[in-house]
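Coordinate inspection notes
The residues making up each chain are set out below.
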Amino acid sequence: MTDRNINLKALIHKAWENVKQGASSEDCSDKSKGQIHKELAKLWIDCLGKGFQEHYRSKDQRVFWRNNNDNNDFELNELLFDISVCQIGWVKSIRQEKLLPYIAKSLWQIESEFDNKNSREITKDFSKLVMGRSKNQLFISTYQGDLQKKALTMCSSIARFCNGNLYLCFVEHPGKWAKNPNNPALFKWEENDWSRC
């Protein structure tokens, strides 16, 4: 359990089930593998973003991600991270005294990287969480097979510099989503080590 009784593991697994359904129904006949993987990664962010939006739905909360068009008062979809969950406040504009929203607090910052061949991409995206200041942070990467322990060790070096509640989730590479993939594995950073949730 985490912020406001959110069950992160259940949210991730629900999004995962939605992604698998979408992956199996996708028409891929005229697309390259790269295009398919990119579209599936976007589908994952959409499913996960919608999961967070179901939980954070009060008038003073917003969930940002690229394909979310519900944040009309901000006139933008994505905000710094793949998914950002924010508490907002309101301030009057200088001239017309219109109410304008602003970010009062970051509740969740979520980044994902599905490149399973290049450690640099993982460290680059994980490092974004160090730059953020949020109550909760989640990084999603692909399973690394025989190198899984090394991936956890590599991420540990960066995790030491994050603040708040930090989670790491491994999922299968999008290339395996249509073929009975393994379920996500969720870890929490506690006492300078990853513990399985």
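Preceding this section is the structure that the text describes.
Values in this document were obtained by computation on a predicted structure and should not be read as measured data.

1. As for the packing of helix α3 (residues 119-131) against helix α4 (residues 148-159)
To characterise two packed helices, one gives the angle between the axes of the helices and the distance between these axes. Packing of α3 against α4 brings their axes to within 10 Å, and their N-to-C directions diverge by 30°. Taken together, α3 and α4 sit at an angle that is classed as roughly parallel. With respect to the hand of their crossing, α3 and α4 are arranged in right-handed fashion. Of the residues in α4, those in contact with S119, I122, T123, F126, S127 and V130 of α3 are M154, C155, I158 and A159. Of the residues belonging to the contact of α3 with α4, the class tally is seven nonpolar, three polar and no charged.

2. Some thoughts on the sheet that holds strand β2 (residues 83-92)
Pairing between the strands of a sheet comes from backbone hydrogen bonds, and it takes one of two forms, parallel or antiparallel. Taken in spatial order, the seven strands make up an open sheet running β1-β2-β3-β4-β5-β6-β7, and their pairing is mixed. Among the strands making up the open sheet, the edge pair consists of β1 (61-64) and β7 (193-196). Each strand of the sheet is rotated relative to its neighbour by a mean of 30°, with strand direction disregarded. Pairing geometry for strand β6 (residues 185-190) and β7, over four bridges, is antiparallel. Along β7, the bridge assignment pairs E190 with D193. The sheet strands contacting α3 are β3 (99-113), β4 (136-142), β5 (165-171) and β7, and the helix crosses β3 at an angle near 150°. Seen against the sheet, α4 touches β5, β6 and β7 and runs at an angle of roughly 155° to β5.

How each quantity is defined
Residues numbered from 1 in each chain as written. Predicted model: local features only at pLDDT ≥ 70, side-chain atom pairs only at ≥ 80, totals over all residues. Heavy atoms only, no water. Axes fitted to C-alpha atoms, helices over the stretch in contact; angles between N-to-C directions. Helix = DSSP H or I, 4+ residues; strand = E, 2+ residues; numbered from the N terminus. Parallel < 35°, antiparallel > 145°, perpendicular 65-115°, else oblique. Left-handed = near helix turned anticlockwise from the far one by under 90°. Contact = heavy atoms within 4.5 Å. Nonpolar A, V, L, I, M, F, W, Y, C, P; charged D, E, K, R; others polar. Pairing = 2+ DSSP bridges.

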